[in-house]
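Given next are the chains, with one letter for each unit.
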Amino acid sequence: MIPYGKQSIDQDDIDSVVRALRSPKITQGPLIDGFEAKLAHQCGARYAVAVSTGTAALHLAALALGLKKGDEVLTTPISFLATSNAALYVGAKPVFCDVDYATANISVLCLQKLIARSRIKAIFPVHFGGLPCDMPSIHKLAQKRDLFVVEDACHALGARYKSNGSWFKVGSCAHSDMAVFSFHPVKHITTGEGGAITTNSRKLYEKLLSLRSHGVVRTPALSRRMGPWYYAMTDLGFNYRLTDIQAALGISQLQKLDAFVKRRREIAALYDQAFKKLSGVQTPLDLKDRINVYHLYPLRIDFKQIGLSRTEFMSKLQNLGVGSQVHYIPIYTQPYYRRLGYRSNCPEAEHYYADTLSLPIFFEMTHREVHKVIQVVKGLLAGALEV
Ligand SMILES: *Cc1c(COP(=O)(O)O)cnc(C)c1O
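Just so we're clear, the structure is a prediction, and the values are computed from it rather than from any experiment.

1. Comments concerning the state of the cysteines
Here comes step 1: Applying the stated rule across the entire model yields 0 disulfides.
Here comes step 2: Unpaired in terms of disulfides, Cys346 finds its nearest cysteine sulfur in Cys110, a separation of 6.2 Å.
Here comes step 3: Assessed through its relative accessible area of 1%, Cys346 is described here as buried.

2. Describing a nonpolar patch on the surface
Here comes step 1: Taken together, the side chains of Ile9, Ile14 and Val18 define a hydrophobic patch exposed on the protein surface, amounting to about 200 Å² of accessible area.
Here comes step 2: Considering the arrangement of structural elements, one finds Val18 in helix α1 (residues 11-22).
Here comes step 3: By relative accessible area, Val18 is classed as partly exposed at 30%.

3. Topic: the environment of Lys187
Here comes step 1: Inspection of the secondary structure assignment puts Lys187 in the loop between β8 (178-182) and β9 (195-199).
Here comes step 2: Residue Lys187 is classed as buried on the basis of its relative accessible area, which comes to 15%.
Here comes step 3: Along the backbone, Lys187 and Cys154 are 33 residues apart, and their C-alpha atoms lie at a distance of 7.3 Å.
Here comes step 4: Setting aside its immediate chain neighbours within four residues, Lys187 contacts Cys154, Ser182, Arg264 and His295.

4. A look at the site of the ligand
Here comes step 1: Close to the ligand lie 16 residues, the nearest being Gly54, Thr55, Asp152, Ser182 and Lys187.
Here comes step 2: Within the side chain of His155, a nitrogen or oxygen atom sits 2.8 Å from an oxygen atom of the ligand.
Here comes step 3: Going through the elements one at a time, α3 (54-64) and α4 (82-89) are the ones with two or more residues in the shell around the ligand.
Here comes step 4: Looking at which element gives the most residues to the shell around the ligand, the answer is α3, with 3 residues.
Here comes step 5: Residues of the shell around the ligand, tallied by class, amount to 6 nonpolar, 8 polar and 2 charged.

5. Describing helix α6 (residues 135-145)
Here comes step 1: Here α6 has its buried residues at Met135, Ile138, Leu141 and Ala142. Across the axial projection of α6, the buried residues extend over an arc of 130°, all falling on one side. Along α6, exposed side chains directed more than 90 degrees from the buried face belong to Lys140, Gln143 and Lys144.
Here comes step 2: Where α6 is buried, its residues meet α5 (108-114), β4 (120-124), β5 (148-152) and β6 (160-163).
Here comes step 3: Remark: Asp146 follows α6 within two positions and exhibits a positive phi of approximately 60°.

6. Brief notes about the sheet that holds β6
Here comes step 1: Spatially, β7-β6-β13 is the arrangement adopted by the 3 strands of the open sheet, whose pairing is antiparallel. The open sheet has two free edges, formed respectively by β7 (166-169) and β13 (290-291), since each of these has just one partner strand.

7. Considerations on the nonpolar core
Here comes step 1: Grouped together as the largest cluster of nonpolar side chains are 45 residues, with contacts concentrated most on Phe35, Ile138 and Leu157.
Here comes step 2: Secondary structure elements with two or more residues in this core: α2 (30-43), β1 (47-51), α5, β4, α6, β8, α9 (244-254) and α10 (257-275).
Here comes step 3: Among the elements that line this core, the one with the most residues is α2, at 5 residues.
Here comes step 4: Leave out the neighbours within four places in its chain, and Phe35 touches Ala50, Phe183, Ile189, Thr191, Leu242, Ala247, Gly250, Ile251 and Leu254.

8. Details of the pairing of strand β15 (residues 356-359)
Here comes step 1: Side-chain alternation along β15 places Thr356 and Ser358 on one buried face and Leu357 and Leu359 on a second face that is also buried.
Here comes step 2: Here strand β14 (residues 297-301) runs beside β15; their pairing, made up of 4 bridges, is antiparallel. Across the sheet, the residue bridging to Leu299 is Leu357, located in β15.

9. With respect to the packing of aromatic side chains
Here comes step 1: By the definition in use, this model includes 17 aromatic pairs.
Here comes step 2: An angle of 65° between the planes, with centres 5.8 Å apart, marks the rings of Phe96 and Tyr337 as edge-to-face. With Phe96 in strand β3 (residues 93-96) and Tyr337 in helix α13 (residues 335-339), the pair connects residues that are 241 residues apart, well separated along the chain.
Here comes step 3: Of the residues examined, Phe96 reaches a relative accessible area of 3% and is grouped as buried.
Here comes step 4: Judged by its relative accessible area of 1%, Tyr337 is buried.
Here comes step 5: Clustering of aromatic rings is evident, with ring pairs tying together Phe96, Tyr332, Tyr336, Tyr337 and Tyr342.
Here comes step 6: Its end group placed over the ring of Tyr101, Arg300 keeps NZ or CZ at 5.8 Å from the ring centre.
Here comes step 7: The ring of Tyr353 carries the charged tip of Arg310 above its face, separated from the ring centre by 5.0 Å.

Scoring rules and cut-offs
- Residues numbered from 1 in each chain as written.
- Predicted model: local features only at pLDDT ≥ 70, side-chain atom pairs only at ≥ 80, totals over all residues.
- Heavy atoms only, no water.
- Disulfide = S-S within 2.5 Å.
- Buried < 20%, exposed > 50% of the residue type's maximum accessible area, 1.4 Å probe, protein only.
- Patch = residues over 30% accessible without salt bridge, like charges linked within 9 Å, V, L, I, M, F, W, Y side chains within 5 Å.
- Areas by Shrake-Rupley, 256 points an atom, 1.4 Å probe, with all protein chains shown as cover.
- Salt bridge = Lys/Arg side-chain N within 4 Å of Asp/Glu carboxyl O.
- Helix = DSSP H or I, 4+ residues; strand = E, 2+ residues; numbered from the N terminus.
- Contact = heavy atoms within 4.5 Å.
- Near = heavy atom within 4 Å.
- Polar contact = N/O pair within 3.5 Å; in protein donor to acceptor, adjacent residues only side chain to side chain.
- Nonpolar A, V, L, I, M, F, W, Y, C, P; charged D, E, K, R; others polar.
- Arc of directions from axis to C-beta.
- Pairing = 2+ DSSP bridges.
- Core = buried A, V, L, I, M, F, W, Y, C linked by side-chain atoms within 4.5 Å.
- Phe/Tyr/Trp six-rings, centres within 6.5 Å; stacked < 30°, edge-to-face > 60°.
- Lys NZ or Arg CZ within 6 Å of the ring centre and 35° of its normal.

Keep in mind these numbers describe shape, not what the thing actually does.
Here it is, written out as structure tokens:
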């Protein structure tokens, strides 16, 4: 069975973790600083804060901005639940903005309409599947109303976009206050579980460091005044720390990011080539001014036209050894959100949801496996495969 995504761990990763296990500090040690420095450098941001999951990273970003009850956050329904849940965690209200069908990224036109709401304090765009959102436009809109921007970049480590002739890295926070990453095994690099926030703001950085560890601060000035043991709890924080064991894996994985991205782009190019001209399907966009890093390869299929439901199509794929997945169910349709009173308000997102199916894409996929997926998908689309 070819899964839709999977991690890639080599001997260097294993050696790096073993060394960490034998070191004096397996948590709160020097490898965390090392991982953060490398990640900040990779993204071109001043600071990075490593945390236990991408979800924790989103939660801390919302807390660090001081979002609270009465505030609203504009975000997309086509994402993993954690994006909008982060607003709920701090008592704020997610307001769902429709997406562009072609990219499944948040629609700037729709943002323009919703931005007049008086309680909006922040925008949480998601670089869906690894294709960067139109950050310069989102940033410009946010500035008009003095809104914060937090990029959910969990799909987009290594992605770039062009604006006014210059290229920007996702995570550089050139057009946002913070960017959030996940290192879950299906993402570009993994630490088992893990996440991080990048920012260029010293103030947000210090707040995030403190919130990651119980809202506690320790400074030389405090120690001199109160005693060497002293720490002060200034906020209600959490234990959202990453371990040094995980950071060791992160450092080792980060060295391979370019190769990981390159292979994903190769696979996507092969799929594009194979599927582009078929009727009833649409391949994901790879725009000239953006580098899509293909966390996912979501194919859009007109299931009516091909005469199979998505359930039938998926189970036939499964029987032929090809895993697939749907990314994502519009968040506001979830029972919890329905109970909160959310109703369907994003027709493009629902149209997208009805058509999408993610095909396998991961670093270790062999040429043979890619070829197999292509043959199977083409065969099913042509009604030529009996399963
Ligand atoms: C994976 C993911 C998250 C959550 O990350 P975890 O590390 O699993 O907590 C949040 N947002 C998006 C878009 C993701 O893909």
